[in-house]
Amino acid sequence: MTVSSPGRVNIIGEHVDYNDGFVLPFAISKRTWVDAKRSEKFVISSRGYGRVEISSLKKTGKWTDYVTGVLKELESSGFKVPPVEIKIWSDLPAGSGLSSSAALETAVAFAISELLNLKLGKMDIVNISVRAERNFVGVQCGVMDQYTAVFSRKGQAMLLDTMKITHEYIPLNLNGLSFALIDSKVKHSLSSGEYNKRREETRRVLEILKKSSYRDVKIKDLEKISDTVLKKRAIHVLEETKRVVRAAEFLRSGKMKDLGELLYESHESLSELYEVSCDETDFIVEFLKKNGIIGARMIGGGFGGNVLVLDREEKIKRIFKKMSDEYFKAFKTKPTLMMIESDDGARIEGRD
Ligand code: GLA
């Protein structure tokens, strides 16, 4: 039996999902498919990365950790996982801010649950996948990616409260506009440490302020933070969370220009205050802004990957062409453009 799980884009709310913030993601129609069956040995095979036999559920530092991490977390949750063969294929690009790792983890957890009749609920799949990423892969991620991969619905964005772990759907009515992705072709590796460093910095701010959550922190409180780097990080968290709440209102009321403006503000904050952008994604966003595109910003963990763009499809395509030439001159690489369609979360294939 085959299950699949989608990648995601996040309209706004970056690097706040591990700081009790709000985020506004939706699943896209680029997915990872997983087929699991019982076997003599543990075998993981992927159309893109080849076939690997696993002798023990140990960390290897390779792509298979996303899979073995899930199997290991299932075992830690008390489920006995017998040897299985797991086949994987995907049309979701890896390392480009579209959350290919969460798609893989949630699909594997779901597939094993179905195969062994573990009856995992949606939230169990999210939790096991998040723990696999944190404990096994080593990225101290928030809950956004795995949650989006499981709970999304086609045609809807989700306003996710990462403190309460609840969400409400907001229809993706863009008033004739479209979302697109521009891939900078700069690959990031979240496990490179910068991600965990940001998480640590924002945690340190709470420690200094003696608060347990960013929900209890006001901008004024940050006067007590003398370290300028820590202060910048915390300002991003507080302002980005506010932007998400406003963005959700703008999406509900169809105020696309206002939404676009917030995307630019978010990008600037990620670039200047949170320092997770890079020259390439800054270049793309600046170019689009100068050429009158309604909104754009880097998405995901950062340090490369994709830029989310909001405007009319025809205009996005026209400006992209111009941008692409300039980008090539500056970075000797061609970016790519993809129009986005929303999609449902994890599902069993062949069943409605
Ligand atoms: C990665 C993490 C998420 C989130 C984003 C940044 O995608 O997996 O939990 O923190 O980065 O918003």
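Residues numbered from 1 in each chain as written. Predicted model: local features only at pLDDT ≥ 70, side-chain atom pairs only at ≥ 80, totals over all residues. Heavy atoms only, no water.

Examining the pairing of strand E4 (residues 42-46)
1) Next: Across the five residues of E4, five count as buried, placing the element largely inside the fold.
2) Next: Taking every second residue as pointing to the same face, both faces of E4 are buried, with Phe42, Ile44 and Ser46 on one and Val43 and Ser45 on the other.
3) Next: As paired elements, E4 and strand E5 (residues 50-54) share five bridges and run antiparallel to each other. Looking across to E5, one finds that serine 45 is bridged to arginine 51.
4) Next: When E4 meets strand E6 (residues 84-90), the two strands line up parallel, connected through four bridges. Opposite serine 46, over in E6, you have isoleucine 88 as the bridge partner. (Buried < 20%, exposed > 50% of the residue type's maximum accessible area, 1.4 Å probe, protein only. Helix = DSSP H or I, 4+ residues; strand = E, 2+ residues; numbered from the N terminus. Pairing = 2+ DSSP bridges.)

Quick word on the sheet that holds strand E13 (residues 347-348)
1) Next: As summarised here, the arrangement of the six strands in space is E5-E4-E6-E3-E1-E13, forming an open sheet in which the pairing is mixed. Edge positions in the sheet fall to E5 and E13, since each has one partner strand and no second.
2) Next: Contacts from helix H1 (residues 65-76) reach E4, E5 and E6, with the element oriented near 135° to E6.
3) Next: Helix-sheet contacts for helix H2 (residues 100-115) involve strand E1 (2-10), strand E3 (25-38), E6 and E13, and the interaxial angle to E3 is about 40°. (Contact = heavy atoms within 4.5 Å. Axes fitted to C-alpha atoms, helices over the stretch in contact; angles between N-to-C directions.)

Comments concerning the domain arrangement of the protein chain
1) Next: Partitioning the protein chain into domains gives domain 1 (2-171) and domain 2 (178-339).
2) Next: The centre of domain 1, based on its C-alpha atoms, is set 24 Å off from the matching centre of domain 2.
3) Next: Counting residues at the interface gives 38 residues for domain 1 and 43 residues for domain 2.
4) Next: Both sides together, the interface formed by domain 1 and domain 2 hides about 3300 Å², and carbon and sulfur atoms give 63% of it.
5) Next: Looking only at domain 1, the three residues that lose the most surface to domain 2 are Ile12, Glu14 and His15, adding up to 21% of its buried area. (Domains from an automatic or database assignment. Buried area = accessible area lost by both parts, 1.4 Å probe.)

Observations concerning the environment of serine 99
1) Next: Along the polypeptide, serine 99 turns up in the loop between E6 and H2.
2) Next: In this structure, the C-alpha to C-alpha distance between serine 99 and lysine 220, residues 121 residues apart in sequence, is 34 Å.
3) Next: Here serine 99 is in contact with Gly7, Arg8, Leu92 and Asp145, once residues within four sequence places are set aside.

Topic: the site of the ligand
1) Next: The immediate surroundings of the ligand are formed by 13 residues, with Glu14, His15, Asp17, Asp145 and Tyr195 found nearest.
2) Next: Here an oxygen atom of the ligand and a backbone polar atom of histidine 15 are 2.7 Å apart.
3) Next: Here an oxygen atom of the ligand and a side-chain polar atom of tyrosine 195 are 2.6 Å apart.
4) Next: When isolated, the ligand has an accessible area of 310 Å², and the protein chains bury 97% of it.
5) Next: Among the detected pockets, the ligand sits in the largest pocket.
6) Next: Taken together, the residues of the shell around the ligand break down into five nonpolar, four polar and four charged.
7) Next: Of the residues that make up the shell around the ligand, three or more belong to each of domain 1 (2-171) and domain 2 (178-339). (Near = heavy atom within 4 Å. Polar contact = N/O pair within 3.5 Å; in protein donor to acceptor, adjacent residues only side chain to side chain. Areas by Shrake-Rupley, 256 points an atom, 1.4 Å probe, with all protein chains shown as cover. 1 Å grid on protein atoms, 1.4 Å probe; cavity = no way out; pocket = protein on both sides within 12 Å on 5 of 7 lines; lining within 4 Å. Sits in = over half its atoms within 2 Å of the grid points. Nonpolar A, V, L, I, M, F, W, Y, C, P; charged D, E, K, R; others polar.)

A word on helix H5 (residues 194-209)
1) Next: Taking 1.5 Å per residue, 16 residues should reach 22 Å; H5 reaches 23 Å between its end C-alpha atoms and fits that length.
2) Next: Those residues of H5 not exposed but buried are Tyr195, Arg198, Glu201, Thr202, Val205, Leu206 and Leu209. Across the axial projection of H5, the buried residues extend over an arc of 140°, all falling on one side.
3) Next: Residues of H5 that are buried in the fold lie against helix H6 (228-253).
4) Next: Within two residues after H5, lysine 210 carries a phi angle of roughly 55°, on the positive side. (Expected span 1.5 Å × (residues − 1). Arc of directions from axis to C-beta.)

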